[in-house]
Amino acid sequence: MMHESELRRILGADLEPSEIIDAKVEEAYRMIRNASAGKGGTKTPNKLNIIKKISVGIGSVAAVFALMVTFCVMNPVLASGIPVLGGIFSRIADIFSFGQLPKEDTVVLYQEGGDASKDEEASGEEGVRDTTVYQKTSGDITITLTEQYATNQAVYIGVNVKNAQAFPEMALFTDGTQSLSLKTVEQYSFRSDTIQSLRLIEGKFVDAQTFEGILRIDYSEINKDERKYIQAYEEAIAAGEELLLTSENYAQYVDEYEIPQTFTMKLDISSIVGDLAQPLPFPSEGQKSEEELENMSDEEWQAYMKTLPQESFDYPNKYENWWQEGNWTYDLTITQKDSASRVIEVNQTNEAGIGVRSIELSAVEMTLNTTEGEDIITVALDANGNKIESSGYSSSALAIAGHDISRVYIYICDYDAYMNEIKGYGIPGNDLGRSFQEVLEERALFKTVVETGA
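What you see is a predicted model; the values in this text were computed from it and never measured.

*Asks:* How should the overall build of the protein chain be read in this particular structure?
*Replies:* In terms of helices and strands, the protein chain carries 12 helices and 18 strands. For the protein chain, the share of sequence-separated contacts (at least 6 apart) that also reach a separation of at least 24 residues comes to 69%. Surface accessibility of the protein chain: about 21,100 Å² in total, with carbon and sulfur atoms responsible for 47%.

*Asks:* Looking at this structure, how should I read the pattern of salt bridges?
*Replies:* Pairing between side chains of opposite charge can happen when the charged atoms of each approach one another. Taken as a whole and judged by the stated rule, the model has 15 salt bridges. Glu212 serves as the salt-bridge partner of Arg91, at 2.6 Å between the closest nitrogen and oxygen. Taken together, the positions of Arg91 in helix α5 (residues 88-91) and Glu212 in strand β7 (residues 210-218) put the pair 121 residues apart, joining distant regions of the chain. The closest approach of N and O atoms between Glu186 and Arg199, which form a salt bridge, is 2.8 Å. Pair noted here: Glu186 is in strand β5 (residues 178-188) and Arg199 is in strand β6 (residues 194-207), with a separation of 13 residues, a long-range link. Glu186 gets classed as buried once you look at its relative accessible area, which sits at 0%. According to the relative accessible area criterion, Arg199 is buried, its value standing at 2%.

*Asks:* How do you make sense of helix α7 (residues 227-238) when you look at a structure like this?
*Replies:* Side chains that are three or four residues apart share a direction in an α-helix, a result of its 3.6 residues per turn. With 12 residues, α7 extends 17 Å from end C-alpha to end C-alpha; this agrees with the ideal 16 Å at 1.5 Å per step. Three or more residues of α7 are buried, namely Tyr229, Ala232, Tyr233 and Ala236. Across the axial projection of α7, the buried residues extend over an arc of 105 degrees, all falling on one side. Phi for Gly240, located one or two positions after α7, is positive at around 75 degrees.

*Asks:* Would you mind showing me how to read the sheet that holds strand β13 (residues 355-361) here?
*Replies:* Two strands in a sheet stick together by hydrogen bonds in their backbones, pointing the same way (parallel) or opposite ways (antiparallel). Spatial ordering of the open sheet is given by β12-β13-β14-β16, a layout of four strands whose pairing is antiparallel. Edge positions in the open sheet fall to β12 (342-349) and β16 (397-399), since each of these has one partner strand only. Across the sheet, the mean angle from the axis of one strand to that of its neighbour is 20 degrees, orientation sign disregarded. Note that β13 and strand β14 (residues 365-370) share five bridges and pair antiparallel. From the neighbouring strand, Val356 faces β14, where its bridge partner is Thr370.

*Asks:* Sorry, what's going on with the environment of Ser179 here?
*Replies:* Relative to the helices and strands, Ser179 resides in strand β5. For Ser179, a relative accessible area of 10% puts it in the buried group. Residues contacting Ser179, with those up to four places away along its chain left out, are Phe173, Leu200, Ile201, Phe211, Gly274 and Asp275.

*Asks:* Can you walk me through the nonpolar core in this structure?
*Replies:* Note on soluble globular proteins: their nonpolar side chains tend to be buried together. Counting residues in hydrophobic clusters, the biggest one holds 39 residues, and the most contacted among them are Ile143, Leu145 and Val161. Contributions of two or more residues to this core are made by α6 (131-134), β3 (141-150), β4 (154-163), β5, β6, β7, β10 (262-275) and β11 (321-335). Excluding its chain neighbours within four sequence positions, the residues that come into contact with Ile143 are Tyr134, Gln135, Lys136, Val159, Asn160, Val161, Ile269, Ile272, Trp328 and Tyr330. Within the second largest apolar cluster, 18 residues are counted, among which are Leu361, Leu368, Ile400 and Ile405.

*Asks:* What's the story with the packing of aromatic side chains in this structure? I'm lost.
*Replies:* To describe a pair of aromatic rings, one takes the distance between the centres and the angle between the planes. Applying the stated criterion across every chain yields a total of 15 aromatic pairs. Taking the centre distance of 6.0 Å and the plane angle of 80 degrees together, the rings of Phe96 and Tyr156 count as edge-to-face. Remark: Tyr156 occurs in strand β4 and Phe96 occurs in the loop between α5 and β1 (107-108); sequence separation between them is 60 residues. On the accessibility criterion, Phe96 (5% relative accessible area) is buried. With centroids separated by 6.2 Å and ring planes inclined at 80 degrees, the aromatic side chains of Tyr219 and Phe263 adopt a geometry described as edge-to-face. Taken together, the residues Tyr219 in the loop between β7 and β8 (224-225) and Phe263 in strand β10 connect sequence positions 44 residues apart. By the ring-pair criterion, three or more aromatic residues cluster together here, those being Tyr188, Phe190, Tyr219, Tyr257 and Phe263. The residue whose ring lies beneath Lys136 is Tyr330, and the NZ or CZ to ring-centre distance is 5.1 Å.

*Asks:* I would appreciate a short explanation of the environment of Ser97 in the present structure.
*Replies:* Tracing the backbone shows Ser97 in the loop between α5 and β1. What makes Ser97 partly exposed here is its relative accessible area of 24%. Separated by 301 residues in sequence, Ser97 and Leu398 have C-alpha atoms that sit 9.0 Å apart. Separated by 3.0 Å, the side chains of Ser97 and Glu202 make a polar contact.

*Asks:* Could you clarify how one ought to interpret the packing of helix α11 (residues 415-422) against helix α12 (residues 436-443) in this entry?
*Replies:* Think of two packed helices as two axes; the pair is described by the angle between the axes and how far apart they sit. As a packed pair, α11 and α12 sit with axes 12 Å apart at the nearest point and diverge in direction by 145 degrees. As for how α11 packs across α12, the hand of that crossing is right-handed. Residues Ala417, Tyr418, Glu421 and Ile422 of α11 form the contact with α12, whose own contacting residues are Phe436, Val439, Leu440 and Arg443.

*Asks:* Quick question: what am I supposed to make of the sheet that holds strand β18 (residues 446-451) here?
*Replies:* An order of β15-β17-β18 is seen for the three strands of this open sheet, with the pairing classed as antiparallel. Unpaired on one side and paired on the other, β15 (376-381) and β18 mark the two borders of the sheet. With direction set aside, neighbouring strand axes in the sheet form an average angle of 20 degrees. Across six bridges, the pairing between strand β17 (residues 407-414) and β18 is antiparallel. Bridge pairing in β18 links Tyr409 to Val449.

*Asks:* Explain the confidence of the model for the protein chain to me, please; I cannot follow it from the model alone.
*Replies:* The predicted coordinates should not be examined in detail at positions where pLDDT is low. Summing up the model confidence of the protein chain, the mean pLDDT is 79 and the portion of residues at 70 or higher is 76%. Taken together, the stretch residues 1-82 has pLDDT below 50 and engages in 184 contacts with residues farther than four places along the chain or on a different chain. Throughout residues 118-129 the model reports pLDDT below 50, and contacts reaching past four residues in sequence, or to other chains, amount to 21 contacts.

Calculation rules
- Residues numbered from 1 in each chain as written.
- Predicted model: local features only at pLDDT ≥ 70, side-chain atom pairs only at ≥ 80, totals over all residues.
- Heavy atoms only, no water.
- Helix = DSSP H or I, 4+ residues; strand = E, 2+ residues; numbered from the N terminus.
- Contact = heavy atoms within 4.5 Å.
- Areas by Shrake-Rupley, 256 points an atom, 1.4 Å probe, with all protein chains shown as cover.
- Salt bridge = Lys/Arg side-chain N within 4 Å of Asp/Glu carboxyl O.
- Buried < 20%, exposed > 50% of the residue type's maximum accessible area, 1.4 Å probe, protein only.
- Expected span 1.5 Å × (residues − 1).
- Arc of directions from axis to C-beta.
- Pairing = 2+ DSSP bridges.
- Axes fitted to C-alpha atoms, helices over the stretch in contact; angles between N-to-C directions.
- Core = buried A, V, L, I, M, F, W, Y, C linked by side-chain atoms within 4.5 Å.
- Phe/Tyr/Trp six-rings, centres within 6.5 Å; stacked < 30°, edge-to-face > 60°.
- Lys NZ or Arg CZ within 6 Å of the ring centre and 35° of its normal.
- Polar contact = N/O pair within 3.5 Å; in protein donor to acceptor, adjacent residues only side chain to side chain.
- Left-handed = near helix turned anticlockwise from the far one by under 90°.
- pLDDT = per-residue confidence, 0-100.

Following this line, the structure appears as structure tokens:
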């Protein structure tokens, strides 16, 4: 299955014409239309499950297409004073997926007044910060990188976006967050090629002209080199053949890099995009209500999607988005500093090969590394039997703030069975007569308990 990070990169990239790029873009759009693209082929699920499939399979990228996010109109609140740069991690901790990031491991990049970390290359005389390093302006938009924090799973960067003009009304999601997206080209010291991506900044608008948020880059999005597969795919196409990437040939065509303890990153931003609070209706043969869409058959749904203009599938587009193009470039040195970071080897599978390889832990998140399998979903409960929710970034990156993770219960379920028959037991306040954990114990394809010692 195409992972959300790959989809994010594909949708955000501005690439040269290529048959493999065209194929991958078409695969991305097919995921949007049909909700799932499996290794070795595709399938068309029931239309009523499309939004649910997208929400788990591609996470925050689905917000780009406004297929499963409920919007609320928000009039930006005018602040009584000018926001102070720096301290973003603390100011949005209450709405950020991973909560408060450890202050003791945070590296300050930029603060007004020059009180920042002592980075000789980034600082001028007497420790005063060179503002051109982490604060860049292009057109009306100034983007400032204020702080960073790195674990064994991801790097987090505080981002302040200042618009000389007022932003339009932007979408407010049901969890209280807002977001902006960045189209980027990224160069890392541990690999020779560049990565083109669409990066999400999770945060909030603090006034009509200012957005604050956190950019999270998961290492699983930057540690894979797919160039051998791209070359082989293009050769197959030229020969009139097709080459699909499967779990069997993955190692042959994809190289994985080990993320070093310290590495450098060049971040080149070419555009910044926001989701409008009041999207314009797409022109089509006939606008449909939410009820009409829900009642469509699969055939009717697919026919309706074909009536939408091609522009409605572009990102950004004038119906759903505000955006500003420009050039903002930064050079960063990233060092993993989280003392709580570690990996717990599990290496357990069932007879079908479904199971868990390892658990990666940090002070703020837990990643479950499972064996490959199609149409499955992984659920984790803490020591008290409470579900550990996935973040808005990835279904496998779990936010552990507020959880007792000394013991973790892990369940792998059939996807359709979980979404249609099991998930409801995990909704707080449900009146179904059985506990979520009891049903998982009974219905899981694979289950295990891991003592983490945390």
